[in-house]
Amino acid sequence: MELSVFNDASEDGSAEIIERWKVKLEDAGIPVIIGSNDSSQPRGVGFAKNQAVIQSSGTYLCFLDSDDVMMPQRVRLQHEAAIQHPNSIIGCQIRREPLESTERYTRWINNLTEEQLLTQVFTSHGPTVIMPTWFCSREWFYHVGKFDEGGKGVPEDLLFFYKHIEKGGEVFRVDHCLLLYRYHPQAATHSVLEGTIWNHRVRFLEDRVLSYWTSFTIWNAGKQGKKLYRSLSPANQKKVTAFCDVDEKKITKGFYTYEESEERPKPKIPICHFREATPPFIICVKLDLTHGAFEENLNTLNLKEGMDYYHFN
């Protein structure tokens, strides 16, 4: 093993800490490669990760963010999985620190089924295996083509993950908790604007799913469902046959009028009860929020995820 660290213009004590660890690790037989951007401005997470990869020499890459903690056995278990799944991003289960932060997100990360690792790639949670748990071969990393280096505000992990999927990459999770994933308000994750991520997600959904469908129903006649409808290309808006919901008030309204449309007459989309709706569905209802009520409704329809519906929220 080797450790490749890239220090992207940090102004705290990072450089000294890294140097101290370099001595300890090399005494234990682990080479440490340290690169740095010595200008006054950081170049961003994507640039720093790419540099760390470029300066390293391993056949496999095991990513770790500076604020997280790797558990013993992580490299061994993910390496074994990577040999079995060469074109995959390998992730793992995580423990959140503090424990009560982002509970829904943590449950989602740790409990997705093997199929859902590929079907739930459109949700607002982002990649179905989180970036600080990624492990893959160097060859596959270069095949996908490195991280976006746009800097602050760019969701470089999401964009890489989407490119990976587009190139036929698989997703695999080692079902052991191999990372302590720290939550703090200063994390780089929070610098990415929600609007930016939303636009990437919509385009990816249109590309990967809607381009193959001739018609579909949006499950949620409220804010999120309408927002998705308005964000679609005109061609995909025309494929929306209805909104469906459980809210009697919305259903009684009968339809949604797309007021911002240039078309005359303005498009009117029917609103119906979910039991009356025709699949396939794009579901804009948040999971794990209604004490199982929504999930139960969905289960009663006996549909197949990834064929009859995809989750978008």
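Before reading on, note that the structure itself is shown above.
Below is a summary of the structure that appears in this document. (Residues numbered from 1 in each chain as written. Predicted model: local features only at pLDDT ≥ 70, side-chain atom pairs only at ≥ 80, totals over all residues. Heavy atoms only, no water.)

### Points about the packing of aromatic side chains
The test is simple: Only rings of Phe, Tyr and Trp enter the pairing, Trp through its six-membered ring, and a pair is recorded when the two centres are within 6.5 Å. The plane angle decides the type: under 30 degrees is stacked, over 60 is edge-to-face, the rest tilted. A run of H or I in DSSP becomes a helix once it reaches four residues, and a run of E becomes a strand once it reaches two; helices and strands are each numbered from the N terminus. Any residue under 20% of the maximum accessible area for its type is buried, any over 50% is exposed, and the rest in between are partly exposed; the area is computed with a 1.4 Å probe on protein chains only. Either the NZ atom of lysine or the CZ atom of arginine qualifies as a charge over a ring when it sits within 6 Å of the ring centre and within 35 degrees of the ring normal.
Using the criterion set out here, one finds 25 aromatic pairs in the structure. Here F63 and F141 contribute two aromatic rings whose centre-to-centre distance is 6.0 Å and whose plane-to-plane angle is 40 degrees, an arrangement assigned as tilted. Taken together, the residues F63 in the loop between β3 (60–62) and β4 (69–70) and F141 in helix α6 (residues 138–144) connect sequence positions 78 residues apart. Residue classification places F63 among the buried residues on the basis of a relative accessible area of 9%. Residue classification places F141 among the buried residues on the basis of a relative accessible area of 1%. For the ring pair W213 and F216, a centre distance of 6.0 Å and an interplane angle of 50 degrees mean the geometry is tilted. Accessibility expressed as a relative area gives 1% for F216, which makes it buried. Three or more aromatic residues joined by ring pairs make a cluster, and in this case those are F63, W134, F141, Y142, F147, F160 and F161. Positioned above the aromatic ring of F47 is the side chain of R43, whose terminal nitrogen or guanidinium carbon lies 3.9 Å from the ring centre. If you follow R201 out to its NZ or CZ, it ends over the ring of F312, 4.1 Å from the centre.

### Here we look at the nonpolar core
Stated formally: Throughout this description, the term nonpolar core refers to a set of buried Ala, Val, Leu, Ile, Met, Phe, Trp, Tyr and Cys residues connected via side-chain atoms within 4.5 Å. In this description, contact between two residues means that some pair of their heavy atoms is separated by no more than 4.5 Å.
Ranked by size, the top nonpolar core spans 61 residues in total, and within it F63, W134, F161, L228, I282 and F312 carry the most contacts. When residues no more than four places from it in sequence are discounted, the contact partners of F63 are V53, R74, M131, P132, W134, C136, F141 and F147. Judged by nonpolar contacts, the second largest core, of 13 residues, contains W219, F274, F281 and L287.

### Quick word on helix α2 (residues 45–54)
Within α2, seven of the ten residues are buried, which leaves the element mostly enclosed by the surrounding structure. Of all the residues in α2, the buried ones are G46, F47, A48, K49, N50, A52 and V53. In this fold, the buried residues of α2 make contact with β1 (3–8), β2 (32–37), β3, α6 and α7 (156–166).

### With respect to unusual backbone geometry
Cis geometry is found at the peptide bond from R264 to P265, where omega equals -10 degrees. One can find P265 in the loop between β10 (255–257) and β11 (268–273). Cis geometry marks the peptide bond from P279 to P280; its omega dihedral reads 5 degrees. Summarising the element assignment, P280 is placed in the loop between β11 and β12 (281–283). Look at N220: it is not a glycine, yet its phi comes out positive at around 135 degrees. Topologically, N220 is positioned in the loop between β8 (216–219) and α9 (223–231). Even without glycine at this site, H291 takes up a positive phi of about 55 degrees. Tracing the chain through its elements places H291 in the loop between β12 and α12 (293–300).

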